[in-house]
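Fold and geometry: a report
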Amino acid sequence: MSNDLSLAQHHALDLARTLMVPVILFKSGDAFGVLRSDEVDPGDDLEIVHEYDPFQIGPAH
């Protein structure tokens, strides 16, 4: 979990590219976290910020 959105975004993108699986960047309270997309349940109390799909992301910079 991180309180820094830009740091969380960077780690989410890196994780998606490393694992080659879609991941969800979410907010819970005032912190951000990352989970594999298939681990998120619709009933979870999470505010989804963005989904990173490594197969839809352009080349690394």
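Residues numbered from 1 in each chain as written. Predicted model: local features only at pLDDT ≥ 70, side-chain atom pairs only at ≥ 80, totals over all residues. Heavy atoms only, no water.

So, the pairing of strand β1 (residues 23-28)
- The pairing of β1 with strand β2 (residues 31-36) spans six bridges and is antiparallel. Paired with Lys27 across the strands is Phe32, a residue of β2.
- The loop that links β1 with its antiparallel partner β2 comprises two residues; one of these, Gly29, has a positive phi angle of about 70 degrees.
- Sheet topology places β1 next to strand β3 (residues 47-52); five bridges connect them, and they run antiparallel. (Pairing = 2+ DSSP bridges. Helix = DSSP H or I, 4+ residues; strand = E, 2+ residues; numbered from the N terminus.)

Brief notes about unusual backbone geometry
- One non-glycine residue, Met20, lies in the positive phi region at around 55 degrees.
- Position of Met20 among the secondary structure elements: in the loop between α1 (5-19) and β1.
- Looking at Met20, the relative accessible area reads 39%, which means it is partly exposed. (Buried < 20%, exposed > 50% of the residue type's maximum accessible area, 1.4 Å probe, protein only.)

A short note on the nonpolar core
- Counting eight residues, the largest nonpolar core is built from Ala8, Ala12, Ala16, Val21, Val23, Leu25, Phe32 and Tyr52.
- Of all the elements in the fold, those that place two or more residues in this core are α1 and β1.
- When sequence neighbours within four positions are dropped, the list of residues in contact with Leu25 reads Leu5, Ala8, Gln9, Ala12, Phe32, Gly33, Val34, Glu47, Ile48, Val49, His50 and Tyr52. (Core = buried A, V, L, I, M, F, W, Y, C linked by side-chain atoms within 4.5 Å. Contact = heavy atoms within 4.5 Å.)

A few points about the side chain of Ser2
- By secondary structure assignment, the location of Ser2 is in the segment before α1.
- On the accessibility criterion, Ser2 (16% relative accessible area) is buried.
- Within the local environment of Ser2, its side chain forms a polar contact with the backbone nitrogen of Asp4, the two atoms lying 3.0 Å apart. (Polar contact = N/O pair within 3.5 Å; in protein donor to acceptor, adjacent residues only side chain to side chain.)

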